[in-house]
Amino acid sequence: MLIATLIGQGLSPGDIAVASDALRAAGAEPGTPAWIDAGEAADLNVAKLDHAKVRAALEAALPSYDVVVQSAAMPRRKRLLIADMDSTMITCECIDELADYAGLKAEVAAVTEAAMRGELDFVAALDARVALLAGMDAGVIDQCRAERVRLSPGAVTLVRTMREAGAATVLVSGGFTAFAAPVGAEIGFAHVVANVLEIVDGQLTGRVLRPVIDAATKRAELLAAGVDLESCLAVGDGANDIPMLEAAGLGIAYHAKPKAAAAADAAVRVGDLRVLLWAQGIGRRDWAD
């Protein structure tokens, strides 16, 4: 048995009927819908069809809504949230914005995009981009954070709601501690892991200290948390998030690159990070302020 959660503003009984019809046409047996929050999120139990086919049928039938399909046998409310930072918990890629202060945003952003699509080796691409920042005044980092970094909608509600329910929360980023530490504190993460930019005499040297936080590290942080994998929720947007998305009981790609969206159990295509709460069956009445 699967649970399919349909999520989006203005979700109507008619939309749910469209979803049920699409499932029947694909060979599934949908159950009676149950609202989590009327007009925003509803669950459908689905039998006689596998996860991939249920997801494909519903995403095609409801392109204006988000769909999360998961096994009904797994714990619905997760005990660990592990999340990427750039373009997931925040709306930008910090290294691209930092490069803009050196007049190099277009060049660096092109490499970032290719790396996040999985077309380049992550560590080599990171080293190449950071090398371009050699000689930059370290004070620009604080300026960049203040002027460019904005939290993704729903980030605070997601993390604080899960923490109040007793879940562990980890922000693990291939970006930099100079951004991740304050972002993690603002959102409410209990633990933050990120790369360290080397700074000497108040200037960036153009090097990242080792070890580098990469895809393998992200997965290792998930495994090291000591939580049953079925009780883990991972969210990210890029190719370097795929190993942790695949390892978690529920891996959700967030406005993601195609490879990450395909590898994840579900993809947020329309809404914000609150989708991850509805995916766990957590309605507004139980959200943290």
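Residues numbered from 1 in each chain as written. Predicted model: local features only at pLDDT ≥ 70, side-chain atom pairs only at ≥ 80, totals over all residues. Heavy atoms only, no water.

A. A look at the pattern of salt bridges. All chains considered together, the criterion is met by 19 salt bridges. Close ionic contact of arginine 117 with glutamate 113 constitutes a salt bridge, the shortest N to O distance being 3.4 Å. By relative accessible area, which is 34% here, glutamate 113 ends up partly exposed. Salt-bridge contacts for arginine 285 lead to aspartate 286; the nearest nitrogen and oxygen are separated by 3.9 Å. Judged by its relative accessible area of 66%, arginine 285 is exposed. Via salt bridges that share partners, Glu97, Asp100, Lys105 and Arg148 belong to a single interconnected network. (Salt bridge = Lys/Arg side-chain N within 4 Å of Asp/Glu carboxyl O. Buried < 20%, exposed > 50% of the residue type's maximum accessible area, 1.4 Å probe, protein only.)

B. Layout of helix 2 (residues 51-61). Taken as a whole, helix 2 has its buried residues at Val54, Arg55, Ala57, Leu58 and Glu59. Along its buried surface, helix 2 packs onto strand 1 (2-7), helix 1 (13-25), strand 4 (41-47), strand 5 (66-71), helix 12 (258-263) and strand 13 (266-268). The N-cap residue of helix 2 is aspartate 50: its side-chain oxygen and the backbone nitrogen of alanine 52 are 3.3 Å apart. (Helix = DSSP H or I, 4+ residues; strand = E, 2+ residues; numbered from the N terminus. Contact = heavy atoms within 4.5 Å. Polar contact = N/O pair within 3.5 Å; in protein donor to acceptor, adjacent residues only side chain to side chain.)

C. Just helix 7 (residues 139-148), in detail. For helix 7, every residue scored as buried is listed here: Val140, Ile141 and Cys144. All buried residues of helix 7 project into a common sector of 105 degrees when viewed along the axis, lining one side. Check the buried side of helix 7 and you find it contacts helix 4 (94-100), helix 9 (177-187), strand 9 (197-200) and strand 10 (203-208). (Arc of directions from axis to C-beta.)

D. Looking closely at the environment of lysine 259. One can find lysine 259 in helix 12. Considering only alpha carbons, one finds lysine 259 and aspartate 43, 216 residues apart in sequence, at a separation of 27 Å. Not counting residues within four places of it along the chain, the set of residues in contact with lysine 259 comprises Arg117, Gly118 and Ile242.

E. Seen up close, the side chain of aspartate 37. Within the secondary structure layout, aspartate 37 lies in strand 3 (residues 34-37). A polar side-chain atom of aspartate 37 sits 2.7 Å from a polar atom in the side chain of tryptophan 278. At 2.9 Å, the side chain of aspartate 37 and the backbone nitrogen of arginine 284 are in polar contact. Not counting residues up to four positions away in its chain, the partners in contact with aspartate 37 are Trp278, Gly283 and Arg284.

F. View of the environment of valine 192. For valine 192, the location among the structural elements is in strand 8 (residues 191-195). In this structure valine 192 comes out as partly exposed when scored by relative accessible area, which is 29%. Taking the C-alpha atoms as reference points, valine 192 and valine 140, 52 residues apart in sequence, are found 22 Å from one another. The residues touching valine 192, leaving out its near neighbours within four places in the chain, are Leu171, Ala180, Ala181 and Gly184.

G. Spatial organisation of the pairing of strand 3. Relative to strand 4, strand 3 is paired through three bridges, and the arrangement is antiparallel. Bridged to tryptophan 35 within strand 4 is alanine 42. If you look at the hairpin formed by strand 3 and strand 4, you'll find three residues sitting between the two strands, and glycine 39 has a positive phi there, around 80 degrees. (Pairing = 2+ DSSP bridges.)

H. Examining the nonpolar core more closely. Among the nonpolar cores identified, the biggest contains 60 residues, and Leu81, Met89, Leu98, Phe179, Ile252 and Leu276 are the most heavily contacted of them. Leaving out residues up to four positions away in the same chain, leucine 276 has contacts with Leu81, Leu158, Leu233, Val235, Ile252 and Val268. Core analysis: the second largest hydrophobic core is formed by 21 residues, Cys232, Met244, Ala247 and Ala261 among them. (Core = buried A, V, L, I, M, F, W, Y, C linked by side-chain atoms within 4.5 Å.)

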